[in-house]
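Summary of structural features
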Amino acid sequence: LHKAVLILVDCNNLGSTLLLLNGPKVGQMRDGSGDISFGGMSKPAADDTTSDTGIIFQVPGGHLWGCIHLPAGALEQYVEVGAMAISDATLQDIMAVGVDRRWEFAGGQIDSLKDI
């Protein structure tokens, strides 16, 4: 069972860009400045020419590689039908707890077997 913890980075008429905050560690910064965790399967923008592997985002306590791009209107639909929920937790607070606790810390809970 995987429950994603996502942060909204950008939302415009082309869609929404989110980062996965509880993805697995995939490497370490070359300069030793911290770990790199998986942030999603997409590059931040179709016209991104930063590198062949996409942008690395800096977040409190580390870095995220990749992102998740949703088409316009999809994020709103997911929230409306309950497939995604909005949390009151801050990015700093979420990143301060271990990866395995971030979903629960952000307010994730399983209320019934149908939620599994």
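A brief report on the enclosed structure follows. (Residues numbered from 1 in each chain as written. Predicted model: local features only at pLDDT ≥ 70, side-chain atom pairs only at ≥ 80, totals over all residues. Heavy atoms only, no water.)

What follows is about the overall build of the protein chain. Helix and strand content of the protein chain: three helices and seven strands. Split into buried and exposed, the 116 residues of the protein chain put 29% on the buried side. At a minimum sequence separation of 6, the contacts of the protein chain that also span at least 24 residues come to 50%. Summed over all atoms, the accessible surface of the protein chain reaches about 7800 Å², with 53% contributed by carbon and sulfur. (Helix = DSSP H or I, 4+ residues; strand = E, 2+ residues; numbered from the N terminus. Buried < 20%, exposed > 50% of the residue type's maximum accessible area, 1.4 Å probe, protein only. Contact = heavy atoms within 4.5 Å. Areas by Shrake-Rupley, 256 points an atom, 1.4 Å probe, with all protein chains shown as cover.)

Positionally, Gly34 belongs in the loop between strand S3 (25-28) and strand S4 (35-38). Gly34 sits 28 residues away from Gly62 along the chain, and the two C-alpha atoms are 5.2 Å apart. Apart from residues lying up to four places away in sequence, Gly34 is in contact with Gln28, Met29 and His63.

With that out of the way, let us pick up the pairing of strand S5 (residues 56-59). Where burial is concerned, the two faces of S5 differ: the one with Phe57 and Val59 is buried and the one with Ile56 and Gln58 is not. Hairpin connection of S5 to strand S6 (residues 62-65): two residues between the antiparallel strands, including Gly61 at a positive phi of 85°. (Pairing = 2+ DSSP bridges.)

This brings us to the nonpolar core. Val5, Leu19, Leu21, Phe57, Val59, Leu64, Cys67, Ile94, Met95 and Ala106 form the largest nonpolar core, which has 10 residues in total. Counting residues per element, the ones that place at least two in this core are S5 and helix H2 (91-95). (Core = buried A, V, L, I, M, F, W, Y, C linked by side-chain atoms within 4.5 Å.)

Here we take up the side chain of Ser37. Considering the arrangement of structural elements, one finds Ser37 in strand S4. You can call Ser37 buried: its relative accessible area is 15%. Discounting chain neighbours no more than four positions away, the residues touching Ser37 are Gly23, Pro24, Lys25, Val26, His63, Leu64 and Trp65.

On the basis of which strands lie adjacent, the open sheet formed by four strands has the order S3-S4-S6-S5 and mixed pairing. Because the sheet does not close on itself, it has two edges, and the strands there are S3 and S5. Mean inter-strand twist for the sheet, computed between neighbouring axes without regard to direction, equals 30°. Two elements, S5 and S6, share four bridges in a ladder whose sense is antiparallel. Residue pairing for S6: Ile56 is matched across the bridge by Trp65. (Axes fitted to C-alpha atoms, helices over the stretch in contact; angles between N-to-C directions.)

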